Amino acid sequence: MNNRAGLRGHSHSGLFVPKCASMTPDRLERFARHIILPEVGGAGQARLVDSHIVLVGLGGIGSPALQYLAGAGIGRFTLIDDDVVEASNLQRQTIYTTADVGLPKAEAAAQWLTGFDGEIDFNAQVTRITRSNAATLIAGADLVLDGCDNFATRLAVSDACVAAGIPLTSAALGRFQGQVANFAGHREGHACYRCFVGDAFDAEDCDSCADQGVLGAMVGMVGAFGAMAATRVLLEGVSTLGDPQWGQLHVLDGLKPSMRSMRIVKDPECGGCGQAG
Ligand SMILES: [Zn+2]
């Protein structure tokens, strides 16, 4: 409350308004808590508004990621998922309600987005992203956030990102372990997702939530962490939060709980990025 009044009369307002010149007063108010945050600022918010994110997978990770990234004012989303909402999804896939059961997730997610903020553009794709369509689906994006449930798709998405020169935020979950990392395999010296997992999984599905069970709040942590990682990428070169920590894998242990981080080294023989770097 105080911040809202403070923003209007704040002596810093002259600093951020020029950078946010394209934003209306309503939008400035909506994103005020970002704009007054020194690590984001007016320039950072303007960058977020100008950004286009492709979300691969609109399940347990994609739901909170979409909520926080839409909240951050990302200007455009491509929403990709070929599944339909099932009753067993509602325990963790936070954008869906009982009324969405049976609807394609990409369409239900677009409905959620429209209700949340009608000024955000979107392109809903009820399709599975594959090697053959990935390049088309991610073209023009500033970032791809992959929260899908299988390695084959993740590798196809990673290879397409490297080829197109698009950064990839990867967020994954196995029971109580979350893994989140930003990849820029198209850049010299930086690893891609394939450098991390190798080639063995191209044709295999990983263990699914249906087989293993999954705790809703744990997926939410990983999805929100993924949104945070994506935000760091988008703000690179714009504000101080913009340190993408490329190739730094953050491993969240939800049981202890704890987090450790490790660096993924670029594999010179990598089939995805070996020749790009
Ligand atoms: Zn690689």
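Refer to the preceding data block for the structure.
Residues numbered from 1 in each chain as written. Predicted model: local features only at pLDDT ≥ 70, side-chain atom pairs only at ≥ 80, totals over all residues. Heavy atoms only, no water.

**Description of the packing of helix 6 (residues 62–71) against helix 12 (residues 216–234)**
Put simply, the test is: Axes here refer to lines fitted to C-alpha atoms; in helices the fit is confined to the stretch in contact. Angles between the N-to-C directions go from 0 to 180 degrees. The way it works is that DSSP assigns letters per residue, a run of H or I at least four long becomes a helix, a run of E at least two long becomes a strand, and they are numbered from the N terminus. Reported orientations rely on four angle classes, namely roughly parallel under 35 degrees, roughly antiparallel over 145, roughly perpendicular from 65 to 115, and oblique for the rest. Crossings are sorted by hand: turned counterclockwise from the far helix by less than a right angle, the near helix makes the crossing left-handed, and turned clockwise it makes it right-handed. Pairs of residues are marked as contacts when any of their non-hydrogen atoms sit within 4.5 Å. For this scheme, ten residues count as nonpolar: Ala, Val, Leu, Ile, Met, Phe, Trp, Tyr, Cys and Pro. Four count as charged, namely Asp, Glu, Lys and Arg, and the remainder, Gly too, count as polar.
With their axes 7 Å apart at the nearest point, helix 6 and helix 12 run at an angle of 40° to one another. Classified by the angle their axes make, helix 6 and helix 12 are oblique. The two elements helix 6 and helix 12 cross, and the hand of that crossing is right-handed. Mapping the contact onto sequence places Pro64, Ala65, Tyr68 and Leu69 in helix 6 and Val219, Gly220, Gly223, Ala224, Ala227, Ala230 and Thr231 in helix 12. Residues that form the contact of helix 6 with helix 12 fall into these classes: 8 nonpolar, 3 polar and no charged.

**Re the pairing of strand 5 (residues 168–174)**
Definition in use: For every residue, the accessible area (1.4 Å probe, protein chains only) is compared with the maximum for its type, and the residue is labelled buried under 20%, exposed over 50%, or partly exposed between those bounds. Only strands that DSSP links by at least two bridges are regarded as paired with each other. A clockwise course of the path from the first strand over the helix to the second, judged with the strands pointing away from the viewer, identifies a crossover as right-handed.
The buried fraction of strand 5 amounts to 5 of the 7 residues, a majority that puts the element mostly inside the structure. Looking at chain direction, strand 4 (residues 143–146) and strand 5 are connected through 3 bridges and run parallel. Bridge pairing in strand 5 places Asp146 opposite Ser170. Taking the sense of rotation as the criterion, the β-α-β connection linking strand 4, helix 9 (residues 151–164) and strand 5 turns out right-handed. Looking at chain direction, strand 5 and strand 6 (residues 177–183) are connected through 7 bridges and run antiparallel. When the bridges of strand 6 are listed, Ala172 appears paired with Gln179. In textbook terms, the turn of a hairpin is the stretch between consecutive antiparallel strands, and for strand 5 and strand 6 this stretch comprises 2 residues, one of which, Arg175, has a positive phi near 50°.

**Section: the environment of Phe196**
In this fold, Phe196 is placed in helix 10 (residues 193–197). Residue classification places Phe196 among the partly exposed residues on the basis of a relative accessible area of 27%. Considered as a pair, Phe196 and Lys266 are 70 residues apart in the sequence and their alpha carbons are 8.2 Å apart. Contact partners of Phe196, with chain neighbours within four places excluded, come to Gln179, Phe183, Leu249 and Ile264.

**Some words on empty space enclosed by the protein**
Convention followed: For cavity detection a 1 Å grid was placed over the protein atoms alone, and a set of points counts as a cavity when a 1.4 Å probe fits there but cannot get out; an open set counts as a pocket when protein lies on both sides within 12 Å along at least five of seven lines, with lining residues being those that have an atom within 4 Å of a point. Grid points are joined across faces, edges and corners, and a volume is the space filled by probe spheres set on the points.
Following the criterion strictly, the structure yields 2 cavities of 30 Å³ or more and no others. Of the volumes computed, that of the largest cavity is approximately 40 Å³. At 3 residues, the largest contribution of residues to the lining of the largest cavity is made by helix 9. Taken together, the residues of the lining of the largest cavity sort by class into 8 nonpolar, 3 polar and no charged. In this structure, the second largest cavity spans a volume of roughly 30 Å³. Lining the second largest cavity are Ser170, Ala172, Gln179, Val180, Ala181, Tyr193, Phe196 and Leu249. For the lining of the second largest cavity, the secondary-structure elements that each account for two or more residues are strand 5, strand 6 and helix 10. Here the lining of the second largest cavity takes 3 residues from strand 6, the largest share from any one element.

**Side note on the pairing of strand 6**
Taken across its 7 residues, strand 6 has 5 buried, putting it largely inside the fold. For strand 6 and strand 7 (residues 248–253), the ladder comprises 4 bridges, and the chain directions are antiparallel. Paired with Gln177 across the two strands is Asp253, which belongs to strand 7.

**Quick word on the pattern of salt bridges**
The cut-off we apply is this: Salt-bridge detection follows one rule: a side-chain nitrogen of Lys or Arg within 4 Å of a carboxyl oxygen of Asp or Glu.
A full pass over the atoms with the stated rule returns 7 salt bridges. Between Arg30 and Asp117 there is a salt bridge, with its nearest N and O atoms 3.6 Å apart. Taken together, the positions of Arg30 in helix 3 (residues 25–30) and Asp117 in the loop between helix 7 (105–116) and strand 3 (121–125) put the pair 87 residues apart, joining distant regions of the chain. On the accessibility criterion, Arg30 (39% relative accessible area) is partly exposed. The buried category is assigned to Asp117, whose relative accessible area is 3%. Arg131 is the partner of Asp159 in a salt bridge, and the nearest nitrogen-oxygen pair spans 3.0 Å. Of this pair, Asp159 sits in helix 9 while Arg131 sits in the loop between strand 3 and helix 8 (134–138); the two residues are 28 residues apart in sequence, bridging distant segments of the chain. Bridged by salt links that share partners, the residues Arg27, Arg30, Asp117 and Glu119 form one connected network.

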